[in-house]
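# Architecture and fold: a report
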Amino acid sequence: MKSISTTITLLLLVLFTVSTSIAQIDANSLLGLPAAATTDINAINTATIQEGALVFDSSLKKIFKFNGTEWKELLTSPSVFPKTGNYTLIEEDNGNILTFDSATDVVLTIPAGFVIGYNVSIYQIGNGKVTISGAAGVTIKNRLLRFKTAGLDAGAGIVCTANNTFHVTGDLKRN
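Computed from a predicted model, the values in this text were never measured in an experiment.

### Section: the packing of aromatic side chains
Tallying each qualifying case throughout the model produces three aromatic pairs. Consider the rings of Phe114 and Phe166, whose centres lie 6.3 Å apart with planes at 85°: the pair is edge-to-face. Separated by 52 residues along the polypeptide, Phe114 in the loop between strand 8 (106-110) and strand 9 (119-124) and Phe166 in strand 14 (residues 165-170) bring together distant segments of the chain. Residue Phe114 shares its accessibility class with Phe166, and that shared class is buried.

### Regarding the sheet that holds strand 7 (residues 97-100)
Spatially, the six strands line up as an open sheet ordered 5-7-9-13-14-11, and their pairing is mixed. What marks the edges here is a single partner per strand, and that holds for strand 5 (80-83) and strand 11 (139-141). Mean inter-strand twist for the sheet, computed between neighbouring axes without regard to direction, equals 25°. Note that strand 5 and strand 7 share four bridges and pair parallel. When the sheet's bridge partners are listed, Val80 is paired in strand 7 with Ile97.

### Re a nonpolar patch on the surface
Judged by side-chain polarity, Leu33, Leu54, Leu74 and Leu75 come together as a nonpolar surface patch covering roughly 340 Å² of accessible area. If you trace the backbone, Leu33 turns up in the loop between helix 1 (2-23) and strand 1 (35-36).

### A few points about the side chain of Asn96
Inspection of the secondary structure assignment puts Asn96 in the loop between strand 6 (87-88) and strand 7. Classification of Asn96 as buried rests on a relative accessible area of 11%. Within the structure, the side chain of Asn96 is placed 2.7 Å from the backbone nitrogen of Ser79, a separation counted as a polar contact. Excluding residues within four positions of it along the chain, Asn96 makes contact with Ser77, Pro78, Ser79, Phe81, Asn119, Val120 and Ser121.

### Section: the nonpolar core
The biggest cluster of nonpolar side chains holds 22 residues, and the ones touching the most others in it are Leu89, Ile110, Ile122, Ile132 and Ile158. Residue assignment for this core shows that the elements contributing at least two residues are strand 7, strand 8, strand 9, strand 10 (130-134), strand 13 (155-162) and strand 14. Every residue in contact with Ile110, bar those within four places of it in the chain, is listed here: Leu89, Ile132, Ser133, Gly134, Ala135, Val138, Ile140, Ile158 and Phe166. Core analysis: the next-biggest nonpolar cluster, separate from the first, contains six residues, Ile49, Phe64, Phe66 and Trp71 among them.

Definitions and cut-offs
Residues numbered from 1 in each chain as written. Predicted model: local features only at pLDDT ≥ 70, side-chain atom pairs only at ≥ 80, totals over all residues. Heavy atoms only, no water. Phe/Tyr/Trp six-rings, centres within 6.5 Å; stacked < 30°, edge-to-face > 60°. Helix = DSSP H or I, 4+ residues; strand = E, 2+ residues; numbered from the N terminus. Buried < 20%, exposed > 50% of the residue type's maximum accessible area, 1.4 Å probe, protein only. Pairing = 2+ DSSP bridges. Axes fitted to C-alpha atoms, helices over the stretch in contact; angles between N-to-C directions. Patch = residues over 30% accessible without salt bridge, like charges linked within 9 Å, V, L, I, M, F, W, Y side chains within 5 Å. Areas by Shrake-Rupley, 256 points an atom, 1.4 Å probe, with all protein chains shown as cover. Salt bridge = Lys/Arg side-chain N within 4 Å of Asp/Glu carboxyl O. Polar contact = N/O pair within 3.5 Å; in protein donor to acceptor, adjacent residues only side chain to side chain. Contact = heavy atoms within 4.5 Å. Core = buried A, V, L, I, M, F, W, Y, C linked by side-chain atoms within 4.5 Å.

In short, geometric facts, not functional conclusions.
In structure tokens:
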């Protein structure tokens, strides 16, 4: 009986030691980014910045990446952009939410050339339904061949899953 309690005690001691050692992070092994105020970042000569450079904006408390032309916020929260008529997606819509408030039906066109992983959410907040259409060379897929929002307050997600191929899912109906 004594050996069982000793074994359990040793096992608990080992588990405690392992769990506390795993939870500790050495502060010297963390990756630090250069930090600067927004005005200092904007004052950097862009001709000297390497594309892909990262900086922490200490004024905004956000991380920015240089895309070769300008600093773009990394890890942005989605924004909501209202639309009232026909609309063609643009690169900047990636990761955002579009609301369509129209009394009549509208068409959302997906052009070719977006990166795989491009995604956008759409919502019909007016009476006009939103038909999702692909430009030349774009394939849009849905298991039930539904490409139009089903009615007021319907939502849909659009994701680029391969080159110029988009999957659409959500509260949709056939045309």
